[in-house]
Amino acid sequence: MFPLQRGRRLRVNESIRSLVRETTLSPSDFMFPMFIAEGENVQVEIPSMPGIFRRSIDLTVKEVQELFDLGIRAVNIYVKVDENLKDNAGTEAWNPNGLMQNAIRAIKAACPEMIVMPDVALDPYSIYGHDGIIANGDVENDSTNDALVKMAVSHAQAGADFVAPSDMMDGRVLRLRQGLDAAGYHNVGIMSYSAKYASAFYGPFRDALDSAPKEADVVVPKNKKTYQMDYANRLEAIKEALWDVEEGADMVMVKPGIAYLDIVREVKNAVHVPVTVYHVSGEYAMIKAASERGWLDHDQTMMEQLMCIKRAGASLISTYFAKEAAILLNKK
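Residues numbered from 1 in each chain as written. Predicted model: local features only at pLDDT ≥ 70, side-chain atom pairs only at ≥ 80, totals over all residues. Heavy atoms only, no water.

An unreviewed UniProt entry lists the chain under the name Delta-aminolevulinic acid dehydratase, with Flavobacterium erciyesense given as the organism. Regarding the chain, the relevant UniProt record gives this comment under Sequence similarities (unreviewed entry): "Belongs to the ALAD family." Recorded under Subunit (unreviewed entry), the UniProt text for the chain is reproduced unchanged: "Homooctamer." (UniProt positions renumbered as here; feature names shortened; annotations may be inferred.)

Colleague: For this particular structure, what's the right way to read helix H2 (residues 57–69)?
Modeller: Every α-helix winds through 3.6 residues per turn, so residues three or four apart in the chain are directed the same way. Between its terminal C-alpha atoms H2 stretches 18 Å, which fits the 18 Å expected from 13 residues at 1.5 Å a residue. Looking at H2, one finds that the buried residues are Leu59, Thr60, Val61, Glu63, Val64, Leu67 and Phe68. The secondary structure elements touched by the buried residues of H2 are strand E1 (30–37), strand E2 (43–45), strand E3 (53–56), strand E4 (74–79), helix H3 (99–110) and helix H11 (322–331). (Helix = DSSP H or I, 4+ residues; strand = E, 2+ residues; numbered from the N terminus. Expected span 1.5 Å × (residues − 1). Buried < 20%, exposed > 50% of the residue type's maximum accessible area, 1.4 Å probe, protein only. Contact = heavy atoms within 4.5 Å.)

Colleague: Can you walk me through a nonpolar patch on the surface in this structure?
Modeller: Together, Leu10, Leu19 and Val20 make up an exposed nonpolar region whose accessible area comes to about 310 Å². Accessibility expressed as a relative area gives 71% for Leu19, which makes it exposed. (Patch = residues over 30% accessible without salt bridge, like charges linked within 9 Å, V, L, I, M, F, W, Y side chains within 5 Å. Areas by Shrake-Rupley, 256 points an atom, 1.4 Å probe, with all protein chains shown as cover. Salt bridge = Lys/Arg side-chain N within 4 Å of Asp/Glu carboxyl O.)

Colleague: Got a minute to help me understand the pattern of salt bridges in this structure?
Modeller: Pairing of side chains with opposite charge becomes possible as their charged atoms draw close. Using the criterion set out here, one finds 17 salt bridges in the structure. Where Arg177 meets Asp250, a salt bridge forms, and the shortest distance between an N and an O atom there is 4.0 Å. Pair noted here: Arg177 is in helix H5 (residues 172–182) and Asp250 is in the loop between helix H7 (235–247) and strand E10 (251–255), with a separation of 73 residues, a long-range link. Arg177 gets classed as buried once you look at its relative accessible area, which sits at 12%. Among the ionic pairs, Glu266 bridges to Arg234, the shortest N-O distance being 2.7 Å.

This is the structure in structure tokens:
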């Protein structure tokens, strides 16, 4: 019998396709990661991330205002720390007048409704480039958690809306929740990097912050595989996300994005909090490089990847394409 059901009837033209479209994108689905540097009127493009810059606070504030006008409602901020401020304990991380703390205050003063989620990890502050304190040849979990609590509280004092622990220490979400509550910051949320994989896709990001593990005169891990997840594992991601929710995470994150969409869906099905996906620097750089060579259509590939991340279950997408994608969406 010739088919009575014809799927193509719902694909005849764009009007019909838009009527039955299951997933949509808007600028409010995006969070923009921003890199902040010392100084004034500083804007340095990151060579491996065309179109992405390290900016001083004054120029960061201007960019934030432009993002807000486009409909983007969240920024995830990172700082490039001077070498002379780095040590093993990461003590600059909770300096009340540090670069991160000053950036948070400036952004919230200029654009109070922009949601600011500062990164919580010690790698930008570490002389070894690791996310925690080195002891006995490895990253020491519990002393690192103590440092992360001080860092998160300092972010809350500066005006952060959420803190975003990206370190992957065990038990840190509970410690952060307890520390924030004890300091009176009950309404400061936690967006936890719950399923953060030890991925090769982070290379350009580490160029941006000079945060890759470094050789040292003491024994340190050569990579971050003792705390970031093995990319061969699926069930572990669900377990980590569930633990973080139990410990008080308001949102969980899967990182990277496109290569991990199966994990995004698994985590989405397992938890009852918003799921953020980090569309990481290497994924950004690949599209930029391929489009520069004429191998891919930049805008179509960008929007397809973002739509696929949303379709997989993302409530929020942290992406370096946020501004470009918002501009395109606003033209429709």
